[in-house]
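Each chain is listed here by its residues.
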Amino acid sequence: MVSTRYHRKDLKLARCHIVKAAHRIASQEMLIRKLELKGSPAGPAYELLDRLYDNHRRQFDRLKLIEAMLRESMVLPPLRPPRPQPGKTTAHLRLVSPAAANREDPDRLP
């Protein structure tokens, strides 16, 4: 098995390929609908649609593989800040404007 390192650009490229494959599938489905409305045989169009579905599935599997490998290789920072150790208290500071500070303590000199 070949060891491959994936990067963010590979993920972006894989997503782009999936979008293009979805567009191709949509256009082929519209073509089949038009052929059915006209009464023309749509056998070859269905064969192409099957191949497009298979291609899309393979690309989607590759995207999931790339995402999983990137998730493993990336070291994400913790979502929450670490909790303070028990027994230690932190002083909570608040911002006070100078005018509000003078109103709270009239004996205090500026």
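Here we summarise the structure given alongside this text. (Residues numbered from 1 in each chain as written. Predicted model: local features only at pLDDT ≥ 70, side-chain atom pairs only at ≥ 80, totals over all residues. Heavy atoms only, no water.)

Topic: the nonpolar core
Buried together is how nonpolar side chains tend to be arranged in soluble globular proteins. Tyr 6, Leu 11, Ala 14, Ile 18, Leu 63, Ile 66 and Leu 70 together form the largest nonpolar core, which totals seven residues. Listed by contribution, the elements that provide at least two residues to this core are helix H1 (8-38) and helix H2 (43-73). Sequence-distant contacts of Ile 18, that is, excluding residues within four places in its chain, are made with His 56, Gln 59, Phe 60 and Leu 63. Counting five residues, the second largest nonpolar core, distinct from the first, contains Ile 32, Ala 45, Leu 49 and Leu 52. (Core = buried A, V, L, I, M, F, W, Y, C linked by side-chain atoms within 4.5 Å. Buried < 20%, exposed > 50% of the residue type's maximum accessible area, 1.4 Å probe, protein only. Helix = DSSP H or I, 4+ residues; strand = E, 2+ residues; numbered from the N terminus. Contact = heavy atoms within 4.5 Å.)

Topic: the packing of H1 against H2
Following both chains from N to C, one finds H1 and H2 inclined at 160°, their axes separated by 9 Å at the closest point. If you check the angle between H1 and H2, you find them roughly antiparallel. Note on packing geometry: the crossing formed by H1 with H2 is left-handed. In terms of residue class, the contact of H1 with H2 is made up of 18 nonpolar, five polar and seven charged. (Axes fitted to C-alpha atoms, helices over the stretch in contact; angles between N-to-C directions. Parallel < 35°, antiparallel > 145°, perpendicular 65-115°, else oblique. Left-handed = near helix turned anticlockwise from the far one by under 90°. Nonpolar A, V, L, I, M, F, W, Y, C, P; charged D, E, K, R; others polar.)

Keep in mind these numbers describe shape, not what the thing actually does.
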